[in-house]
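# Survey of secondary and tertiary structure
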Amino acid sequence: MITVRCFATVREILGCETRTLPPSSTPQLASDILRIVAGARTTDLPKPLLVAINCEHASLTSPVKDGDEIAFFPPVSGG
Amino acid sequence: MIIRLQTADFDPEREAQALDVKGAGARVSFVGTVRDTAQDRRIEALEIEHYPEMTRAELARIGTAAQTTHDLLEVLIIHRYGRLQSHERIVLVTVWSAHRAGAFAGCQAIVDALKTRAPFWKKEISPEGAVWVPGQTPQDLR
């Protein structure tokens, strides 16, 4: 399974905090996962949209595999 | 390296004094606090959300990079989350090194990286309503 987590404005816009997806039989990118969870609301999401895979910064072109945790969130503001 | 994520306040001096760092000739601390105004709005509170598992991992990566680059002997990072009132402390970064140059540079490097890499998001609460604080993107992903 692939775990999808959304934070901050992304969570609010998609109304989704955590979701699990079955792995695909074909190679998937982060952008493919985004298309599944956001659908037409992709255009409403913050730009740039940040991606993390297994708690490391990644990008929409990063590959995602079975067992991964992928997160989508807006630019960060720590400190 | 010590990393703590917590809702409770902290005492910066007590936290730093609690560590006995051998060989240290310099200690530099940064304390970030909640502003009371933003674009002429009065800020009553800040709600800080984070991605706990990634925050811990990212802070460790940030701290390790600064330790290596600036020859730091020890790094302490405490970051709060949840709802904080204006003027409350948000973050403490304290670093120790043999000499002042490394301590100043190392502390600044960690604070700068926190702003662009650590997965925290802030919502400012004012009498006019709640507004997300615009964030930053890691340099290598721009």
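See the structure shown above.
Attention here is on the structure that accompanies the text. All residue numbers refer to positions counted from 1 along the written sequence of the respective chain. Here chains are named by letter from A upward and ligands by number from 1 upward, in the order in which they appear as written. Predicted model: local features are reported for residues with pLDDT of at least 70 only, side-chain atom pairs are reported and counted for 80 or more only, and whole-chain, interface and lining totals are derived from all residues. Neither water nor hydrogens contribute to the side-chain values; these are computed over all heavy atoms in the structure.

## Some thoughts on the overall build of chain B
Segments assigned H or I by DSSP are reported as helices when at least four residues long, segments assigned E as strands when at least two residues long, and all are numbered from the N terminus. In terms of helices and strands, chain B carries three helices and 10 strands. Sequence-ordered secondary structure for chain B, helices as α and strands as β, is β-α-β-β-β-β-α-β-β-β-α-β-β. Radius of gyration here is computed from C-alpha atoms only, and the compact-globule reference equals 2.2 Å multiplied by the residue count raised to the power 0.38. Its C-alpha radius of gyration of 16 Å places chain B within 12% of the 14 Å reference for a compact globule of 142 residues. Overall size of chain B, expressed as C-alpha extent along the three principal axes, is 50 × 35 × 25 Å. Three labels apply to residues, based on accessible area from a 1.4 Å probe with only protein chains included: buried if under 20% of the type maximum, exposed if over 50%, partly exposed otherwise in between. Put simply, chain B has 142 residues, and 46% of those count as buried. The contact definition used throughout considers only heavy atoms, calling two residues in contact when any of these lie within 4.5 Å. Relative to all contacts within chain B whose residues are 6 or more apart in sequence, the contacts with residues 24 or more apart total 74%. Under the convention used here, a 1.4 Å probe and the Shrake-Rupley method define accessible areas, while residue burial counts only the protein chains that appear. Working note: accessible area of chain B is about 7200 Å², and carbon and sulfur atoms make up 49% of it.

## Points about the pairing of strand 1 (residues 2-6) of chain A
All names here are of chain A. Counting buried residues along strand 1, four of its five residues qualify, which places the element largely inside the surrounding structure. By this definition, two strands are paired if DSSP reports at least two bridges between them. Looking at chain direction, strand 1 and strand 2 (residues 18-21) are connected through four bridges and run antiparallel. Its bridge partner lying in strand 2, Ile2 is registered against Leu21.

## Topic: the layout of surface pockets
Estimates place the volume of the largest pocket at around 290 Å³. When contributions to the lining of the largest pocket are tallied by element, the ones reaching two or more residues are strand 2 (26-33), strand 3 (37-38), strand 9 (120-126) and strand 10 (129-132) of chain B. Considering every element that reaches the lining of the largest pocket, the biggest residue donor is strand 2 of chain B, with three residues. Under the grouping applied here, Gly and all other residues not named as nonpolar or charged are polar, the nonpolar ones being Ala, Val, Leu, Ile, Met, Phe, Trp, Tyr, Cys and Pro and the charged ones Asp, Glu, Lys and Arg. Classifying every residue of the lining of the largest pocket by side-chain character gives 10 nonpolar, five polar and five charged. Buried and open spaces are told apart on a 1 Å grid over the protein atoms alone, a cavity being a set of points where a 1.4 Å probe fits but cannot get out and a pocket being an open set with protein on both sides within 12 Å along at least five of seven lines. Residues with an atom within 4 Å of a point are the lining residues. Grid points are joined across faces, edges and corners, and a volume is the space filled by probe spheres set on the points. Approximately 200 Å³ is the volume found for the second largest pocket. What lines the second largest pocket is a set of 13 residues, and nearest its centre among them are Pro48, Leu49, Leu50, Val51 and Leu60 of chain A. Classifying every residue of the lining of the second largest pocket gives 10 nonpolar, two polar and one charged.

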